Amino acid sequence: MNIESLIGEANPVPAADLPSADSPQARATLTRVLSATGPGGLPSPRLSSRLVARVAVGAAAAAVAAIVVAQLLPGSSPRPATSPGHSDPRTLAGALNALSLLAAAQPAAHPPGPGQYQYSDEKSLTEIDTYKSATNYYAVSYSEQRQIWIASNGSGRIVESFRDPRLASARDRRNWIKDGRPSLRIKPSDQRYGKRQLSVGPANLYKLPTNPARLAKLIHSGAVDGGPVGSAEDFVRIGDVLRETAAPPALRAAIFKVSEQIPGAKLLGRTTDPLGSAGIGIAHWQHVAHRGQVPAETIESVLIFNPKTSNLLAEETLVTYTKTGKTSLTSWTVYLRSGVVNSIASMTPVSGTPGRSSGATT
Amino acid sequence: MRRRRGGEAGPAEFERLYTARYAEIAGYVRRRVAEADADDVIAHVFTVAWRKFEQVPSPPDDRLWLFGVARNSVAEHDRSRQRRLRLHVRLAEDAVTAASRAGNSDPRYEPVLTAMSSLRPADREALQLVLWEELTHAEAASVLGCSVNAFELRYRRARNVVRDAVMTTTNQGSAPVTTFRTSSPARGNAS
């Protein structure tokens with residue numbers, strides 16, 4: 001058993017306990033529903049094929065922004081700030097302003113056309129644990145690679161492979177041996193999906209405003225994805241918009257401006273992602289209390305951006321246990337490549353993010 | 001493919017959809033709202049489906065479409081309840097614990113449910129969609145309107161928090177067991 005099985009068993013309303021569709025309760029609900037206004041009783045959602053306006057920013061602006069961001073990179077010689085705030089890349093506002101300018105200057109990514117797919121390739125640290133009992137469990141971390149192809153109709157393919165299993169600690173190793181040394185190998189998978197079974201990101205991406213103030217209001221209210229409110233959620237939404245989506249440059253530029261306003265967001269500055277590329281790190285901290293029954297944890301979510309393109313290079317999650325003061329990097333994901341490809345087997349984008357070659361490899 | 005427009009077959013066809021999907025949708029709703037409100041929210045989900053029947057995809061795609069409506073209906077219910085009560089309470093937490101009290105009272109699962117109630121709602125939803133509603137990760141990502149990768153991040157984060165909490169609770173305060181040998185990347189020191 002693993003933790004997922006345990007959570008599954010904790011389901012407070014198992015399917016067996018539910019009334020069937022033939023039960024009097026369900027039939028009464030059906031009668032109630034059918035007595036409501038029939039098909040067409042509600043206006044159809046207004047669909048707009050017009051994409052949000054794209055902002056054209058000159059190459060000169062991009063060059064200036066790249067120089068400003070580059071000041072944060074290893075090997076560069078940071079100059080003393082001549083003015084505080086938005087012009088100083090060593091502050092959160094300054095770094096995000098520079099990333100915003102860079103984003104606005106990037107070419108627009110086009111959604112896949114007929115026969116094409118939005119392709120993404122990522123590598124991550126993932127973990128799987130086996131839970132036998134409260135005293136016999138072990139965790140194994142894997143290097144996972146995931147490739148995704150998604151057509152405009154939501155159909156596609158996901159290929160996953162797991163390599164380099166590592167028992168997380170000596171204790172995990174002891175428990176694994178005690179369990180009879182079961183194989184740690186996980187078979188690779190290659191799964192196809194039908195129409196509308198895959199999603200590339202927030203459904204209303206092209207309808208989001210590019211005015212930072214309006215966008216901030218929408219994000220903070222949870223209106224972007226209908227989710228809850230809170231600064232940690234806002235930070236997640238920032239990642240959702242930027243992560244392997246075809247978000248228009250003006251939207252990406254605006255989202256960096258919004259990031260600046262999220263309470264708790266901090267600039268890490270020069271950061272190296274788990275595969276060795278240098279980037280600009282932005283972080284957010286969240287405290288988890290567990291109702292006082294267990295030691296509180298602090299979860300640090302980190303977004304690392306390519307200083308030359310503003311694209312998202314990687315994400316990390318670090319957990320600090322208050323009781324021990326120990327910090328662990330519990331997961332990371334590095335975005336290797338994304339863009340539109342011409343077939344469900346192709347890994348060479350014809351447009352979009354050209355991969356990590358555009359990053360600043362250290 | 002969309003359903004054919006209205007006509008005499010409308011109610012009969014809708015009834016087939018209702019019969020096929022009732023259990024899953026009822027389960028989704030009952031795991032998230034108080035028992036007293038569950039039937040109202042379930043009725044709302046299917047009322048939306050009935051009113052927009054021409055837009056409901058044909059099987060099997062109708063399943064995820066209905067989960068999406070159910071998710072919005074539960075969120076709407078929470079918001080209206082919050083407005084009504086004018087309380088700054090964690091409604092989702094209430095729902096989890098209320099469902100726990102009503103349904104699964106096995107003390108073995110109390111640490112799991114307690115840990116889940118401490119999660120951020122979006123992270124908790126990621127776990128619930130997969131482990132309680134039995135959706136695949138790709139299907140759950142579609143319901144949440146996020147990419148598979150975004151979903152994976154939320155799922156892993158939530159699972160790790162629950163696991164750490166459960167392990168720590170069951171070990172009566174011993175040090176958390178989850179440590180990784182992956183070296184931490186070089187970190188900047190800017191403010």
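Residues numbered from 1 in each chain as written. Chains lettered and ligands numbered in written order. Predicted model: local features only at pLDDT ≥ 70, side-chain atom pairs only at ≥ 80, totals over all residues.

Things to note about the overall build of chain A
Broken down by element type, chain A carries 8 helices and 10 strands. Within chain A, the fraction of its 362 residues that count as buried is 45%. For chain A, the proportion of contacts with a sequence separation of at least 24, taken over those separated by at least 6, is 60%. (Helix = DSSP H or I, 4+ residues; strand = E, 2+ residues; numbered from the N terminus. Buried ≥ 20, exposed ≤ 12 C-beta atoms within 10 Å, placed from the backbone. Contact = placed C-beta atoms within 7 Å.)

Digging into the pairing of strand β2 (residues 136-150) of chain A
For a regular strand, side-chain orientation follows a simple rule: the groups alternate between the two sheet faces. All names here are of chain A. The sheet contact formed by β2 and strand β3 (residues 156-167) spans 10 bridges and is antiparallel. Each bridged residue has a counterpart across the sheet, and for Trp 149 the counterpart in β3 is Arg 157. What sits between β2 and β3 in their antiparallel hairpin is a turn of 5 residues, with Gly 154 showing a positive phi close to 85°. (Pairing = 2+ DSSP bridges.)

Observations regarding the packing of helix α6 (residues 212-221) of chain A against helix α8 (residues 249-259) of chain A
Residues and elements named next belong to chain A. Between α6 and α8, whose axes approach to 9 Å, the crossing angle comes to 70°. By the angle class used here, α6 and α8 are roughly perpendicular. Handedness of the crossing formed by α6 with α8: right-handed. When α6 is examined against α8, the residues Pro 212, Leu 215, Ala 216 and Ile 219 are found in contact with a partner set consisting of Ala 254, Ile 255, Lys 257 and Val 258. Here the contact of α6 with α8 is composed, by residue class, of 7 nonpolar, no polar and 1 charged. (Axes fitted to C-alpha atoms, helices over the stretch in contact; angles between N-to-C directions. Parallel < 35°, antiparallel > 145°, perpendicular 65-115°, else oblique. Left-handed = near helix turned anticlockwise from the far one by under 90°. Nonpolar A, V, L, I, M, F, W, Y, C, P; charged D, E, K, R; others polar.)

Some thoughts on unusual backbone geometry
Following Pro 59 of chain B, the chain continues to Pro 60 of chain B via a peptide bond in cis, the omega torsion being 5°. The residue Asp 164 of chain A is not glycine, and still its phi comes out positive at about 50°. Turning to its location among the elements, Asp 164 of chain A is positioned in strand β3. A positive phi angle, close to 75°, is found at Ser 310 of chain A, a residue other than glycine.

Describing the confidence of the model for chain B
Residues and elements named next belong to chain B. Residues with a pLDDT of 70 or more make up 69% of chain B, whose mean pLDDT is 73. The element-level mean pLDDT for chain B is lowest in helix α4 (residues 91-102), coming to 44, with helix α1 (residues 9-30) highest at 90. Note on residues 84-102: pLDDT under 50 across the span, and 24 contacts to partners over four residues away in sequence or across chains. Of the two predicted TM-score estimates for the complex, the pTM is 0.62 and the ipTM is 0.76. (pLDDT = per-residue confidence, 0-100.)

A few points about the pairing of strand β7 (residues 297-305) of chain A
Residue and element names in this part refer to chain A. Of all 9 residues making up β7, 7 are buried, and the element is well covered by its neighbours. Note: β7 against strand β8 (residues 312-321), 9 bridges, orientation antiparallel. Note that in β8 the partner of Leu 303 across the bridge is Glu 315.

Regarding helix α5 (residues 110-117) of chain B
Of all 8 residues in α5 of chain B, 6 are buried, a share of seventy percent or more. The set of residues buried in α5 of chain B consists of Pro 111, Val 112, Leu 113, Thr 114, Ala 115 and Met 116 of chain B.

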